[in-house]
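Architecture and fold: a report
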Amino acid sequence: MNVLLDNLSLFREGFIGTLELTGASALVAMVLGVIIAGFRVSPVPPLRIFGTLWVTLLRNTPLTLLFLVAFFVVPKVLFPDLDSFLLAVCACGFYTSAFVAEAVRSGINTVPLGQAEAARSIGMTFTQTMRMIVLPQATRTVVPPLSSIFIALTKNTAIAGAFNNVDLFNVSKTLSNDGYDIAVIFLWITLAYLIVTYAINGLFRLLEHRLEVAR
Amino acid sequence: MAEVSVTKDAAPAADELVALKNVNKHFGALHVLQDIDLTIDRGEVVVVIGPSGSGKSTLCRAINRLETVESGSITIDGKPLPQEGKELARLRADVGMVFQSFNLFAHKTVLENVMLGQVKVRKVEKAAAEEKARALLDRVGVGTQADKYPAQLSGGQQQRVAIARALAMDPKVMLFDEPTSALDPEMINEVLEVMQQLARDGMTMVVVTHEMGFARSAANRVVFMADGRIVEQATPDEFFSNPRSDRAKDFLSKILHH
């Protein structure tokens, strides 16, 4: 029972670590995901090919493998001095961006084609059409799957804990090495993860509700 | 809105605004546009009629490149249609399009629908754009609906807003792709009246329609299409009273007697 109280600062550090990893990766995934979804429906063939490759490659690769590449190949070949937080955010963010892209694309497909045609016929460019007409109308359909994707992301950041990042998973490892009862550690760690995922859940439900009212 | 001042009584200046030369397009095995040659002069109102699947809509949509064509050339005001990109977007701003299913931006109010193109494409000041939008909405008779969303309007009202949205760009030519086909019968006239007024004001128009009354009263020329070809072109009087081709005679006998 004393596990939590004895190591409160460590728990707090881990909790904040998980939050930071999740937040930063979610931001990367969101921005990249929308861009890649745009690529996949763009009229320019090279962009479409790039988008498809990105999604196929990242969605079909185990995240652990991506981490291995990020931590052992990337520093050797490309950037030797990136810190482990940045590498972890890139791995999680890129991986999740593929799922975000597909969710956004499915949302884009629910917007009637006529909306984009009307926008193009008054002289809007592809980017303007996407940004002002299609994506705002796609948002409502994209929100529920995004919530699942970001909850999955939260749990995926645990892998970063095994790669030199301080997060909840990393804390559980440290504590069990210190000889605390593993069952009790897991109880508290699980609770901490639940707080994060439940907050995401609530946030998205709020968003969904707001968008429904806006119609 | 004083930009269009040429009246139909004044002899239309005989310069080509839209020219299609030898245009071909397939949808799979269907040869939907076959060697289409068509020129539309400034100020002219051309009505395209014909049975379903004859390629009329495709023809209309090809003029602003919503449909690409495989061969042949399409020029607007002397400029050939460019590839997809910024230049094509600029050219499309000069070509108004009205769709069968209205396609008003569902998440924007009526007023925003008419302002959006002016502000984002023409880079007009917001205040000026709003003033013009309200004037246009008044002109098509939906001024009081400005702050509603499209879904709150009747079909006829929505289509008139769509016409206002296209007019807000000061287009050189207006394309109408079966503008009344999705409307309840009692709403067809309110849209046709707006179009008739537009024709009287000297707007260059290409109208794909099944409204023979409109073709009779507003068109300078009727183009009859069947099976991907332009079968016959004539003035409305000539076409309706004395069609030359068998295909047109057959078509007219089916639609005029019931």
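Taking an unreviewed UniProt entry as the reference, chain B is identified by name as Amino acid ABC transporter ATP-binding protein belonging to Streptomyces luteolus. Recorded in UniProt under Subcellular location (unreviewed entry), the annotation for chain B is "Cell membrane".

Going by an unreviewed UniProt entry, chain A carries the name Amino acid ABC transporter permease and comes from Streptomyces luteolus. In its Sequence similarities (unreviewed entry) section, the UniProt record describing chain A reads: "Belongs to the binding-protein-dependent transport system permease family. HisMQ subfamily." Recorded in UniProt under Subcellular location (unreviewed entry), the annotation for chain A is "Cell membrane".

Summing up its helical and strand segments, chain B has 9 helices and 10 strands in all. Relative to the globule expectation of 18 Å for 258 residues, the C-alpha radius of gyration of chain B, 18 Å, shows essentially globular dimensions. Across the 258 residues of chain B, 55% fall into the buried class. In chain B, the proportion of contacts linking residues at least 24 apart, taken out of those at least 6 apart, comes to 67%. On chain B, roughly 11300 Å² of surface is accessible, and the fraction owed to carbon and sulfur atoms is 48%.

Residues and elements named next belong to chain A. Nonpolar side chains collect at one region of the surface, where L65, L68, V69, F72, V73, V77, L78, F79, L82 and L86 lie side by side and expose about 900 Å² of accessible area between them. Counting residues per element, the nonpolar patch draws most heavily on helix 4 (residues 63-77), at 6 residues. Its place among the elements puts L65 in helix 4. A relative accessible area of 44% places L65 in the partly exposed class.

Here we come to the UniProt feature "transmembrane region" (unreviewed entry) in chain A. UniProt's feature table lists "transmembrane region" (unreviewed entry) at residues 15-39, 51-73, 85-104, 141-163 and 183-207 of chain A, given in the numbering used throughout. Here residues 141-163 of chain A is 91% helix and 0% strand, with 35 Å between the C-alpha atoms at its ends.

On the surface, a cluster of positive charge is made up of R131 of chain A together with K120, K123 and K126 of chain B. Among the structural elements, K123 of chain B can be located in the loop between helix 3 (110-120) and helix 4 (126-139).

What follows deals with the side chain of T197 of chain A. Inspection of the secondary structure puts T197 of chain A in helix 10 (residues 182-214). In this structure the side chain of T197 of chain A is engaged in a polar contact, spanning 3.2 Å, whose partner is the backbone oxygen of L194 of chain A.

With that settled, the discussion passes to the pairing of strand 3 (residues 45-49) of chain B. Residues and elements named next belong to chain B. With 5 of 5 residues buried, strand 3 is to be regarded as a mostly interior element. Bridge analysis of strand 3 against strand 8 (residues 204-208) gives 4 bridges, and the strand direction is parallel. Counterpart to V47 in the pairing with strand 8 is V207. Taken together, the 4 bridges between strand 3 and strand 9 (residues 221-226) define a ladder with parallel strand orientation. Pairing of I49 across the sheet is with F224, part of strand 9.

This part is about the pattern of salt bridges. Residue and element names in this part refer to chain B. Applying the stated criterion across every chain, the model contains 22 salt bridges over all chains. Put simply, R247 and D227 hold a salt bridge, and the shortest N to O gap is 3.9 Å. Linking R247 in helix 9 (residues 246-256) with D227 in the loop between strand 9 and strand 10 (229-234), this pair joins segments that are 20 residues apart in sequence. For D227, a relative accessible area of 51% corresponds to the exposed category. A network of salt bridges, in which partner residues are shared, links D15, R42, D77, D94, R122 and K172.

This part is about helix 9 of chain B. An α-helix turns once per 3.6 residues; consequently, residues spaced three or four apart project the same way. Residue and element names in this part refer to chain B. All of the buried residues in helix 9 are A248, F251 and L252. Along the axis of helix 9, the buried positions cluster into a sector of 95°, meaning they face one direction only. The outward face of helix 9, more than 90 degrees from its buried face, is lined by the exposed residues D246 and K254. Against the buried residues of helix 9 lie strand 3, helix 7 (212-218), strand 9, strand 10 and helix 8 (236-241).

Taken from the UniProt record, the annotation "domain: ABC transmembrane type-1" (unreviewed entry) applies to residues 15-204 of chain A. With 85% helix and 0% strand, residues 15-204 of chain A has end C-alpha atoms that lie 21 Å from one another.

Here is what the cut-offs are and how they apply
Position labels on residues start from 1 in each chain and follow its written sequence. As a convention, the first chain written is A and the first ligand written is 1, with the rest following in written order. Local features in a predicted model are, by the rule used here, given only for residues with pLDDT of at least 70; side-chain atom pairs are given and counted only at 80 or more, and totals for whole chains, interfaces and linings are based on all residues. The basis for every side-chain value is the complete set of non-hydrogen atoms in the structure, without hydrogens or water. UniProt positions are given in the numbering used here, feature names are shortened, and annotations may be inferred rather than shown by experiment. Numbering of helices and strands runs from the N terminus, with a helix taken as a DSSP run of H or I at least four residues long and a strand as a DSSP run of E at least two residues long. As a reference, a globule follows 2.2 Å times the number of residues to the power 0.38, and the radius of gyration itself is taken over C-alpha atoms. Residue exposure (1.4 Å probe, protein chains only): buried if accessible area is under 20% of the type maximum, exposed if over 50%, otherwise partly exposed. Note on contacts: a residue pair qualifies if any of its non-hydrogen atoms lie within 4.5 Å across the two residues. Accessible surface is estimated by sampling points in the Shrake-Rupley manner with a 1.4 Å probe; for residues, cover comes only from the protein chains shown. By definition, no residue in a patch forms a salt bridge, and every one has over 30% relative accessible area; like charges are joined within 9 Å, nonpolar side chains (Val, Leu, Ile, Met, Phe, Trp, Tyr) within 5 Å. Whenever Lys or Arg places a side-chain nitrogen within 4 Å of a carboxyl oxygen from Asp or Glu, that contact is recorded as a salt bridge. His is not counted, nor are the chain ends; Lys and Arg add positive charge and Asp and Glu add negative charge. Where a charge lies is defined by one atom per residue type: Lys uses NZ, Arg uses CZ, Asp uses CG and Glu uses CD. N or O atoms closer than or at 3.5 Å make up a polar contact, with two conditions inside protein: a donor-capable atom paired with an acceptor-capable one, and, for residues adjacent in sequence, both atoms drawn from side chains. Two strands make a pair as long as DSSP finds a minimum of two bridges between them. Each C-beta atom gives one direction from the helix axis, and the arc is the one those directions make.

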